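Structural overview for review
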Amino acid sequence: MTPARRPRFLPFILTGAVLGFVVGAAVADFGWLEDTSGPLAQMQYSPTTAVGYLGLLGACLFALLAALLALAIERASRRS
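Throughout what follows, the structure given in this document is the object of discussion. Every value quoted in this text rests on a predicted model; they were computed, and no experiment measured them. (Residues numbered from 1 in each chain as written. Predicted model: local features only at pLDDT ≥ 70, side-chain atom pairs only at ≥ 80, totals over all residues. Heavy atoms only, no water.)

Per the secondary structure count, the protein includes two helices and zero strands. Within the protein, buried positions represent 24% of all 80 residues. In the protein, once contacts between residues fewer than 6 apart in sequence are set aside, the share between residues at least 24 apart is 80%. Of the accessible surface of the protein, which amounts to about 6,400 Å², a share of 69% is contributed by carbon and sulfur atoms. (Helix = DSSP H or I, 4+ residues; strand = E, 2+ residues; numbered from the N terminus. Buried < 20%, exposed > 50% of the residue type's maximum accessible area, 1.4 Å probe, protein only. Contact = heavy atoms within 4.5 Å. Areas by Shrake-Rupley, 256 points an atom, 1.4 Å probe, with all protein chains shown as cover.)

Where helix α1 (residues 9-30) contacts helix α2 (residues 47-79), the axes come no closer than 6 Å and their chain directions differ by 145 degrees. Handedness of the α1/α2 crossing: right-handed. Tallied by class, residues from the contact of α1 with α2 come to 23 nonpolar, five polar and two charged. (Axes fitted to C-alpha atoms, helices over the stretch in contact; angles between N-to-C directions. Left-handed = near helix turned anticlockwise from the far one by under 90°. Nonpolar A, V, L, I, M, F, W, Y, C, P; charged D, E, K, R; others polar.)

Our focus in this paragraph is the side chain of S77. Structurally, S77 is set in helix α2. Of note is the side chain of S77, whose polar atom sits 2.8 Å from the backbone oxygen of E74. (Polar contact = N/O pair within 3.5 Å; in protein donor to acceptor, adjacent residues only side chain to side chain.)

In this section: the environment of G58. The topology assignment puts G58 in helix α2. Taking relative accessible area as the criterion, G58 reaches 9% and is therefore assigned buried. Separated by 42 residues in the primary sequence, G58 and G16 have C-alpha atoms spaced 9.1 Å apart. Dropping the residues within four chain positions of it, G58 is found in contact with G20 and F21.

The residue L54 is located in helix α2 in this model. Look at L54 and you get partly exposed, because its relative accessible area is 30%. In this view, L54 contacts G24, V27 and A28; residues no more than four positions away in its chain are not counted.

Our focus in this paragraph is α1. In a regular helix each residue adds 1.5 Å, so 22 residues correspond to 32 Å; α1 covers 32 Å between its end C-alpha atoms and thus fits that length. Buried residues in α1 make contact with α2. At the C-terminal side of α1, G31 shows a positive phi close to 70 degrees. (Expected span 1.5 Å × (residues − 1).)

Over its 33 residues, α2 extends 48 Å from the first C-alpha to the last, a length consistent with the 48 Å expected when each residue adds 1.5 Å. Residues A50, G55, G58, A59, A63, A66, A70, E74 and S77 constitute the buried set of α2. In this fold, the buried residues of α2 make contact with α1.

Here you go:
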């Protein structure tokens, strides 16, 4: 009986972080969440800053989700 292969966590987390940065940067770059009619419309970030902030936020969120996915796969491989 061969032991089940466990997933490597670092590639999962790094892939999630890269995908999250791309998604966050796309949201910021295309302005999907931009509110130009609100009272705070004059106090917007520059496009470069918005890409950086939302890209970093997306990278953190997707890395967390990827780590949870790797953990779920690892736990499922233990059961079988």
